[in-house]
Amino acid sequence: QKSRMRQAMRIAADLQNAVTGDTAEAIDLAIRGLMDLNHVGQSWNCTLSEALGPALDELDRCHAANGKPIGLPTGIRDLDADLGGMHRSDLIVVGARPATGKTAFMLNTLLGCHAPAGVISAEQGRLQVALRMIAITGEVRLHAMRMGKIDDDEWSRVSGAVNALHGSQVWMFDKP
């Protein structure tokens, strides 16, 4: 523990001394170094025999669920039936041509799982993502919102959507 503290202090000192050069790069290096301190004792190597116990535990959880998905729901019933929900170890990559609904799919899935989540978008900024989430939650056409052509009922749904989304644990990173 004292060794890790000394390493953290060394990283902080390196960051303080990095007054010249690329500040963003120095900050990135410091963050990486500090994050690596948390993974010192964790081993990423194991034998198949060591992985069998946790695998059986997972099978027990699946069996106890009696056919229901045990992962986080995506909000899309058929997809949940195929995947069993989203699991911690999953990396799901959605690829398609431009303007085919990848972002809409991602935002609907994010809203459907009702769990803390992060959105990384190099294509759409935070304003666009927030407007799309309001439109999805309020069931209001985004185009109508952007054109300022929404009636009183739609305004009420937009207001309700903003209130519903306000406490969400959703973080965004939108650096292009």
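Residues numbered from 1 in each chain as written. Predicted model: local features only at pLDDT ≥ 70, side-chain atom pairs only at ≥ 80, totals over all residues. Heavy atoms only, no water.

Visitor: Would you mind showing me how to read a nonpolar patch on the surface here?
Guide: Together, Leu15, Ile27, Ile31 and Met35 make up an exposed nonpolar region whose accessible area comes to about 340 Å². Considering every element that reaches the nonpolar patch, the biggest residue donor is helix H2 (residues 23-37), with three residues. (Patch = residues over 30% accessible without salt bridge, like charges linked within 9 Å, V, L, I, M, F, W, Y side chains within 5 Å. Areas by Shrake-Rupley, 256 points an atom, 1.4 Å probe, with all protein chains shown as cover. Salt bridge = Lys/Arg side-chain N within 4 Å of Asp/Glu carboxyl O. Helix = DSSP H or I, 4+ residues; strand = E, 2+ residues; numbered from the N terminus.)

Visitor: Sorry if this is basic, but what is going on with helix H6 (residues 126-138) here?
Guide: In this model H6 runs 18 Å from its N-terminal to its C-terminal C-alpha over 13 residues, within 8% of the 18 Å that 1.5 Å per residue would give. Every buried residue of H6 is accounted for by Val129, Arg132, Met133, Ile134, Ala135 and Gly138. Summarising the contacts, the buried residues of H6 are in contact with helix H5 (102-113), strand S1 (117-120), helix H7 (142-147), helix H8 (152-166) and strand S2 (170-173). After H6 finishes, the residue Glu139 shows a positive phi value of roughly 55 degrees. (Expected span 1.5 Å × (residues − 1). Buried < 20%, exposed > 50% of the residue type's maximum accessible area, 1.4 Å probe, protein only. Contact = heavy atoms within 4.5 Å.)

Visitor: Would you explain the state of the cysteines in this entry?
Guide: For the coordinates displayed, the defined rule picks out zero disulfides. We note that Cys46 lacks a disulfide partner, and the nearest cysteine sulfur, in Cys62, lies 19 Å from it. Its relative accessible area of 54% is what places Cys46 among the exposed residues. Unpaired in terms of disulfides, Cys62 finds its nearest cysteine sulfur in Cys113, a separation of 19 Å. Assessed through its relative accessible area of 34%, Cys62 is described here as partly exposed. (Disulfide = S-S within 2.5 Å.)

Visitor: So what exactly am I meant to see when it comes to the pairing of S1 here?
Guide: Looking down a regular strand, the side chains alternate between one sheet face and the other. The alternating pattern of S1 places Ala117 and Val119 on a buried face, while none of Gly118 and Ile120, on the opposite face, is buried. Inspection of the sheet shows S1 paired to S2 by four bridges, in the parallel sense. In the sheet register, Gly118 faces S2, and the bridge partner there is Trp171. (Pairing = 2+ DSSP bridges.)

Visitor: Just to check I follow, could you spell out the nonpolar core for this structure?
Guide: One finds Leu110, Met133, Ile134, Met145, Ile150 and Val158 to be the most contacted residues of the largest nonpolar core, which totals 16 residues. When residues in this core are grouped by element, the largest group, four residues, is from H6. Excluding residues that lie within four positions of it along the chain, Ile134 makes contacts with Glu139, Met145, Val158, Ala161, Val162 and Leu165. (Core = buried A, V, L, I, M, F, W, Y, C linked by side-chain atoms within 4.5 Å.)

Fair warning: the whole summary comes from geometry, so function is off the table for now.
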